Structure formats: structure tokens, C-alpha cells
Amino acid sequence: MGTDSATPAGNPSDRPTRAGTTQRPAPGFPRRWWRFLAAHPPPGLARIADRWRSPLRGPWLTAVFGVVLLATLPLVIITGLLDYLAYGPQFGQALPRDVGWLRLPQFDWPTRPAWLFRLTQGLHVTLGIVLIPVVLAKLWSVIPKLFDWPPARSVAQVLERLSLLLLVGGILFQIATGLLDIQYAYLFGFDFYTAHYFGAWVFTAALVAHVALKLPRMLSALRSGPPRAALTTPRAATRPEPPDPDGLVASHPGPATVSRRGALALVGGLSLLLGALTVGQSLDGVWRRTALLLPRGRQPGEGPNGFPVNRTAAAAGVGAADAGPGWRVTLRAGERVVALDRAALLAMAQHTARLPIACVEGWSTVQTWTGVRLSDLAALVGAGTPASAHVRSLEKSGLFNQATLQANQVLDPDSLLALGVNGADLSLDHGYPARIIVPALPGVHCTKWVGEIEFRTRTDG
Ligand SMILES: Nc1nc2c(c(=O)[nH]1)N[C@H]1C(S)=C(S)[C@@H](COP(=O)(O)O)O[C@H]1N2
Ligand SMILES: [Mo]
């Protein structure tokens, strides 16, 4: 979007460069070192730095991207942490792993509103994807800072640059692991999910430091800058911002290849495009087909069972035989055991609820489920007020073949051992003979092909 390398670099050695001209050593950092460093830049560094000539770069443009990210990234961080709370290590699945002292204080994830997890997870993934162009544009706007020489003039500046390293490395790492998580890469040995969680803390800490350091400068750049002019000035009339102490403005700017409004429109347009290719994952019907970036959330055919399947029965190793007439769900509470077949379950009071499945990979769908209330099953086995329920699938291996439900998740009147969906029997891929459906529960805990439910009281441990 700029004019980088549009004009030959010339002979930078005979021009004043950013390196060493306006900078003063700060007290506390040995003056001699600084002078030595300033006098001996790595060969070619100035020439490289001088190649970033876009006249668009400057405090105002950087501040515009900064303020957009400042307004939106906290939402990505908060929804991410909330998702982690809803889908935490205490729920008995292989993922996420325990994170030691970075564990968050636990609280019961509510069952209301039923769309809560759908909202937090959808926002986290969709907004995270939509912001990628803004993040890249912000990095582009500060690229010349990479070539600052000497690299640091004071202890404070060493710390600042270190925090920048964590900030930039952190956000790129979060983007990479987040995108890989959505594609199920965490199944391939390396635990991207836990990495994403640790990365989130590193990035958040660096972000807080960065905002604390740069907020005043961002605000003054926004105030001094030309918002009106930026939006009305065509490319030919685009001029650099006045030279700034941070050296964002090119010392030898080239002509503009795009206006500021063009650059903003490009970044905004890319964000909108990514958003348009992503939101479909949270919508039903034909809209889901627009979720091109998220093959996981695609629509698999029509009919009452025509909504996304994360793991098919074939992939889970569950065959028609396991789910045939010999199938029983075993209910346990302490010493008491009750085994029910599908006919016995269908003979119990049936309850219907319209509830979402919201996958931690970002897609969601709302369907109408019918089945037996979990609270009725608990009562049947004499565990009227369980502290939790441990659900096991027929699926023998697999990261998600079991899950623990909290008390409120068992006792909500819409919490079901579902036998049907949209007026039909569950398909084998959707968990026939029976699956868990609970309001606001992460999809990953909605265990399919349920074989056993163990209701626990506090004293069971
Ligand atoms: N036994 C079992 N149940 C499971 C899974 C699994 O892999 N095994 N996947 C879970 C995940 S990650 C999601 S998002 C939902 C998806 O349900 P669906 O395939 O019916 O849409 O099922 C959950 N139940
Ligand atoms: Mo999922």
C-alpha cells in the first residue's frame, strides 16, 4: 500500500538518518556504549531503513490502527478467557490441559442465557479473524522502528523494546495458533490450545505495558492529525505527516501510491471480507455456505439432521452395532445403578428445547432437541441434587469421549439426554442413540453416543 522501494535507495550515508541524529543517551546507560553503538551501525542498516518510504506512515495513521485495536482487542481477550472458563481443565477432557499457576479462579458457568457460549465463542473467533488485517496494517505502519539504531539508549528503552518483541511476537503467535486451533491442528501432537492460552497471557501483559507507554502519544497523534483531510485528500495530494520524534515518518518519503483514505478502505475492506467469509459459521441455512474460511462449520446436507458434524460416528469408531438394540445408558449414583434402553427412555417424560450447539472452533447452530431431562435421570437413580455428573461416551478413544457437567448444568429444565432433533431421531453422526444437550454448554461437552452418566455428590470427591 505504500511506496516502499519505489525510488532507489540512493546513497544514504551522506544524508542525516534517523540513527544517532536526534537521540540523546539517557542517564543511567553508559554514555560510552551508546556513542560506540551509535557510531557503528551494522553495515547496510541505514539503507534498509531508508527503503520504507511510504508517505502514509506517521503517528496519525499508526494511532488510527491503534485506537481500533484498543477498542476491540480487549473484547477478544475477555471472550477468550471466558471460553477458557467454560471449557476448562476441571471438566475432565483431554483438552485444555491444566495450566498450573495461570489457572483462573473458577466459577460455575451459567446455563442462561442459553446463547452465552455461542456469543463469547463466536465473538472471540470472528473478531479475532476480522482484526487480522488491522494488526498487520499496524505492524506495517511501524516497520521502520525495527531498524532503529542504536537499538536502545536506556534501560527503560531496553525494556520497552523487549515488551514490543513480546507484543508483536505474541499477537502473531495468537493469530497462528488460533487459526490452527480452528482447523483442529491441536490433534497433531503439539498442544496448540494450551499454547494459545499461555500466549494470551504473554500478549496481554505486553499489551497492557504498551498501552500504558503509548496511550498519551496515541491520543495526541489523533488530536493533532488530520482526520478530515485524511478522508478527503486524494492520492496525488497525499503528503507525509510532519517529522515526529519516534521516527515513524519516513526521512526520505517517496510519492504516495495510495491515499490515506484508500489505505484505510483497503484494510477495512479486507476486514469486512474476512468477516463476511466467517460469520456464516454462526448462521443456519444457506448462509452457512458462506463460511468459506471455516470448513468445519459447513452444512452437511439437508433434513432434520442437516447441521454440522464435528466428529462423525465413523471417525469416532462408533458403529451401528454399538448403537443398536443392545445399547443401554447406565446411570450411576454411588452404589445405585440403573440401565435404560432407548424404549425405556422414550417411555419417560419427553421435553423439547430449542438450543444451540456452539463449538469451541467457532461455528454454532440452533436446533430443536427432544429427550429426557437430566434432572429426571438423576432423580431416577436417587441423586436428586447432584454436585456434578460425569458423562462417558461409547467412543473408546478420542479427546472428547467424556465430560463433566456442573450441578446447574444437570439441573436446568432444558438440560437433556436428547434422543431426537427437529422431530426426527438423532442421526448416528449426531450421537444416536442419545447425546447431551445443555443450554450455554460448550459444544465439546455435549457428549454424543452416551454410554454412562455418573451423578456425583460432594462427598464422592
Ligand atoms: N463422543 C463424542 N462426543 C462429542 C464429540 C466427540 O468427538 N466425541 N465432539 C464434540 C464437539 S467438539 C462438538 S462441537 C459437538 C458437535 O456436535 P454435532 O457433531 O452433533 O454437531 O459434539 C461434541 N460431542
Ligand atoms: Mo467442538
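If you look the chain up in an unreviewed UniProt entry, it shows as Molybdopterin-dependent oxidoreductase from Micromonospora peucetia.

Residues Leu345, Trp369, Leu377, Leu417, Ile436, Ile453 and Phe455 are the most contacted members of the largest nonpolar core, which totals 40 residues. Looking at this core, the elements with two or more residues in it are β1 (329-333), β3 (351-358), β4 (364-373), α12 (374-380), β5 (388-393), β7 (416-421), β9 (435-437) and β10 (450-456). Broken down by element, the residue count for this core peaks at 5 residues, all from β7. Beyond its immediate stretch of four places on either side in the chain, Leu417 contacts Val329, Leu345, Gly371, Val372, Leu374, Leu377, Ala434, Arg435, Ile436, Val450 and Ile453. Counting residues in hydrophobic clusters, the runner-up holds 31 residues, among them Leu45, Ile77, Phe147 and Ala256.

So, on to the site of ligand 1. Taken together, 19 residues sit near ligand 1, with Pro308, Glu395, His430, Arg435 and Lys448 positioned nearest. For ligand 1, an oxygen atom lies 2.5 Å from a polar atom in the side chain of Arg435. If ligand 1 stood free it would expose 520 Å²; the protein chains cover 100% of that surface. Considered class by class, the residues forming the shell around ligand 1 number 10 nonpolar, 5 polar and 4 charged.

With numbering aligned to this structure, UniProt lists the feature "transmembrane region" (unreviewed entry) at residues 60-82, 122-143, 164-186 and 192-213. For residues 60-82, the end-to-end C-alpha separation is 34 Å, with 100% helix and 0% strand making up the annotated structure. Across residues 192-213, helical content stands at 100% and strand content at 0%; the span's end C-alpha atoms are separated by 31 Å.

Once that is clear, we can look at the side chain of Thr72. With respect to the secondary-structure elements, Thr72 resides in helix α3 (residues 59-86). Owing to a relative accessible area of 18%, Thr72 belongs among the buried residues under this scheme. Polar contacts involving the side chain of Thr72 include one to the main-chain carbonyl oxygen of Val68, which spans 2.7 Å. Not counting chain neighbours up to four residues away, the residues in contact with Thr72 comprise Leu127 and Leu131.

This brings us to the pairing of β7. Judged by how many residues are buried, β7 sits mostly within the fold: 6 of 6 residues are covered. In terms of strand pairing, β4 meets β7 through 5 bridges, oriented antiparallel. Bridge pairing in β7 links Val372 to Leu417. Of the strand pairs in this sheet, β7 and β9 are connected by 3 bridges, and their pairing is antiparallel. Across the sheet, residue Leu416 finds its bridge partner in β9, namely Ile437. Here β7 pairs with strand β8 (residues 424-425) via 2 bridges, running antiparallel. In the sheet register, Val421 faces β8, and the bridge partner there is Ala424. Following β7, the chain reverses through 2 residues before pairing antiparallel with β8; Asn422 in that reversal takes a positive phi of roughly 50 degrees.

Definitions and limits used
Residues numbered from 1 in each chain as written. Chains lettered and ligands numbered in written order. Predicted model: local features only at pLDDT ≥ 70, side-chain atom pairs only at ≥ 80, totals over all residues. Heavy atoms only, no water. Core = buried A, V, L, I, M, F, W, Y, C linked by side-chain atoms within 4.5 Å. Buried < 20%, exposed > 50% of the residue type's maximum accessible area, 1.4 Å probe, protein only. Helix = DSSP H or I, 4+ residues; strand = E, 2+ residues; numbered from the N terminus. Contact = heavy atoms within 4.5 Å. Near = heavy atom within 4 Å. Polar contact = N/O pair within 3.5 Å; in protein donor to acceptor, adjacent residues only side chain to side chain. Areas by Shrake-Rupley, 256 points an atom, 1.4 Å probe, with all protein chains shown as cover. Nonpolar A, V, L, I, M, F, W, Y, C, P; charged D, E, K, R; others polar. UniProt positions renumbered as here; feature names shortened; annotations may be inferred. Pairing = 2+ DSSP bridges.

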